[in-house]
Amino acid sequence: MSKHSFTQVKDVSYRLPTGRQLFSGLNFAIIPGDKIALVGNNGSGKTTLLKIIAGLLQPTSGSVVKTSQIAYLSQLGLDESEGGLAVRDYVSKYTEDWWDILVDLEKKFGVKNLDPAKNVELLSGGEIVKLNLAIAISHNPEILLLDEPTNHLDIRSKETLKEYLLNFTGSFLITSHDSFFIDQVCSQVWELNDGQVTAFGGDYSFYQQQKRIALEAREKHFLVVKKEVKRVEASKKREEIRAARSLRIGRELKADRSMSNIEKGFFKNKSGQTAASRDKNIRQRQQELMAKSELLKTSITKKANLRLETSNAQNRRLFTVNGAKLRIGTVTQLESVSVDIRRGDRVALIGLNSSGKTSLIRALTGDGDCYSLTGGEIRRAEDLVFTYLNQMYEIVSPEITLLENIYACNAQISYESARESLAGFLFFNDSIVNQAASNLSGGEKARLAFAMISVSLTDLIFLDEPTNNLDIETVDTIVRGLSSYGGALVVVSHNIDFLAAIGITRSYIIKNRELKIMMHTPKEKSDFYAEMVEAEKE
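Calculation criteria
Residues numbered from 1 in each chain as written. Predicted model: local features only at pLDDT ≥ 70, side-chain atom pairs only at ≥ 80, totals over all residues. Heavy atoms only, no water. Phe/Tyr/Trp six-rings, centres within 6.5 Å; stacked < 30°, edge-to-face > 60°. Helix = DSSP H or I, 4+ residues; strand = E, 2+ residues; numbered from the N terminus. Buried < 20%, exposed > 50% of the residue type's maximum accessible area, 1.4 Å probe, protein only. 1 Å grid on protein atoms, 1.4 Å probe; cavity = no way out; pocket = protein on both sides within 12 Å on 5 of 7 lines; lining within 4 Å. Points joined across faces, edges and corners; volume = space filled by probe spheres on them. Nonpolar A, V, L, I, M, F, W, Y, C, P; charged D, E, K, R; others polar. Pairing = 2+ DSSP bridges. Axes fitted to C-alpha atoms, helices over the stretch in contact; angles between N-to-C directions. Contact = heavy atoms within 4.5 Å. Core = buried A, V, L, I, M, F, W, Y, C linked by side-chain atoms within 4.5 Å.

> Explain the packing of aromatic side chains to me, please; I cannot follow it from the model alone.
Going through the model one piece at a time under the given rule, you end up with 10 aromatic pairs. With 5.3 Å between their ring centres and 50 degrees between their planes, Phe180 and Tyr529 make a pair best called tilted. Pair noted here: Phe180 is in helix 6 (residues 179–185) and Tyr529 is in helix 16 (residues 525–537), with a separation of 349 residues, a long-range link. The pair Phe180 / Tyr529 is uniform in exposure class, with both members buried. When the centroid spacing of 6.0 Å and the interplanar angle of 90 degrees are considered together, the rings of Phe386 and Phe462 count as edge-to-face.

> Is there a simple way to think about the layout of surface pockets in this case?
Taking a probe equal in size to a water molecule and rolling it over the atoms shows the remaining empty space. In this structure, the second largest pocket spans a volume of roughly 620 Å³. As for the second largest pocket, its lining consists of 26 residues, of which Asn353, Ser354, Thr358, Gln391 and Asp464 are closest to the centre. Broken down by secondary-structure element, the contributors of at least two residues to the lining of the second largest pocket are helix 4 (125–137) and helix 9 (357–365). Of all the elements, helix 9 adds the most residues to the lining of the second largest pocket, at 4 residues. By residue class, the composition of the lining of the second largest pocket is 5 nonpolar, 15 polar and 6 charged.

> Could you clarify how one ought to interpret the sheet that holds strand 4 (residues 61–66) in this entry?
Hydrogen bonds between backbone groups are what pair the strands of a sheet, and the pairing can be parallel or antiparallel. The strand order 2-1-4 describes an open sheet built from 3 strands, whose pairing is antiparallel. The open sheet has two edge strands, strand 2 (21–30) and strand 4, and neither has a second partner. Direction aside, the axes of adjacent strands within the sheet are offset by 15 degrees on average. Against the sheet, helix 1 (residues 46–54) contacts strand 1 (7–15), strand 2 and strand 4, and its axis sits at roughly 50 degrees relative to strand 2.

> Would you explain the nonpolar core in this entry?
Looking at soluble globular proteins, one finds that nonpolar side chains tend to be buried together. Counting 48 residues, the largest nonpolar core has Leu422, Leu448 and Phe498 as the members making the most contacts within it. If sequence neighbours within four positions are ignored, Leu422 has contacts with Leu402, Leu403, Ile406, Phe427, Val433, Leu448 and Ala451. Judged by nonpolar contacts, the second largest core, of 41 residues, contains Ile101, Tyr164, Phe168 and Tyr207.

> It is not clear to me how the pairing of strand 3 (residues 35–39) should be interpreted in this structure. Could you clarify?
Consecutive side chains of a regular strand alternate in pointing toward one face of the sheet and then the other. With respect to burial, strand 3 is a largely interior element, 5 of its 5 residues being buried. Side chains Lys35, Ala37 and Val39 project from strand 3 onto one buried face, and the interleaved Ile36 and Leu38 project onto a second face that is buried too. Where strand 3 and strand 7 (residues 171–175) come together, 4 bridges link them in parallel fashion. Its bridge partner lying in strand 7, Leu38 is registered against Thr175. In this structure, strand 3 lies alongside strand 8 (residues 188–193), joined through 4 bridges in parallel fashion. Looking across to strand 8, one finds that Ala37 is bridged to Val189.

Shown next as structure tokens:
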């Protein structure tokens, strides 16, 4: 990358067709050597900003000055017009040298023997990400814009992407909710929040530390302002008492026959002017403090909230599987499955994409007739109540409203409790909770799914890649909820920070078509990651 190459965003603003202002007056530059993570809540405008930088979307105002070759990788993978294409036709939309792309796909990203005639819709999420990345880098870009590239990637694929980015000689701007991955590849973090970009030097861990310090400072300032509000309110009450006393004295003076009318008027005007001036100053100060207090309160408390409840069942042992085979129809996917799940257990399932993690959950939950566990010992507790949240959030019924989805999980819940559960995931307004779930974005759909889980009394929760599509703040909310949950958890995830945060105590990895227990836990991040990478090399 030339030392003179750069991309500069100059006074860029963007307003949605609905009229909502996403951001305004953005000014920054991407220069050679930048390794930037762009973070922010869902809906803050990260994808929109990447598209504007890439030249795929025009800003409402401002401009982007580019002297660099830019490549953009979308998080969405395929659009509707591309669904029925063969792989070679899909690649040919972006470059004539489709065969070279497939060679790079195998050489750089480990996707071997991909059939050019295969329908692109039949590729896994990880294969789509790697194919799009191979297309993007074929143009020798100087700047890479990557929108959630780790979604749907297993550890082996993430390791491949990590090594590529670490060796990439240009600059990149990446959005990701995988904080462990960000820490590995990025040297600075930019936060898009409240329509502005703030740069934090250092990796994601440093960013988190700075955010905690800032939050603590806001909380302390909030307490100071609250104290000042009380002091001003007390001052206002004293002034009201003083004004009432002045009014009484004025009446007494008026009745005093020994004082002339001029003297009475002087004291009356002086008393009234002083009281009015004091009252005006106090009211103005009170309004300023109340506005500041509300602003600080919003910045501190506007977060999603998840509270999970267990059922009344006291079963100690929930699932026992010993020496069983996992079958999909007549095909054996795993030769040996042994797992014991007890109340309070926190279990992670690790493995490559298509290794059988989701299939095992579907067999345990009975989700689908073709998934089964056969042979060996298989026991399930009587009256077991469980909830399964899959990657597509199929627990959500798109044709009914958000409120009706809540009632579908717990018909006995009161209206107030249903609204509280939705508000806990930032669904507040009547117009929002009464709209069809089909109108929700991927992140909003995920939030609704967790709101539904929050009203379900359950002994065991199965979560399949639960952090995909969620911003880091919402993931933190889920962590808090799951941390206080007394039931058992079985989680499929490649997000090590998430697994560590929810207190996973036992992990199983699928290798050589067997389910094997891991030596390390996610709390031992480096050792756990190394064990995952080593196992998936075999």
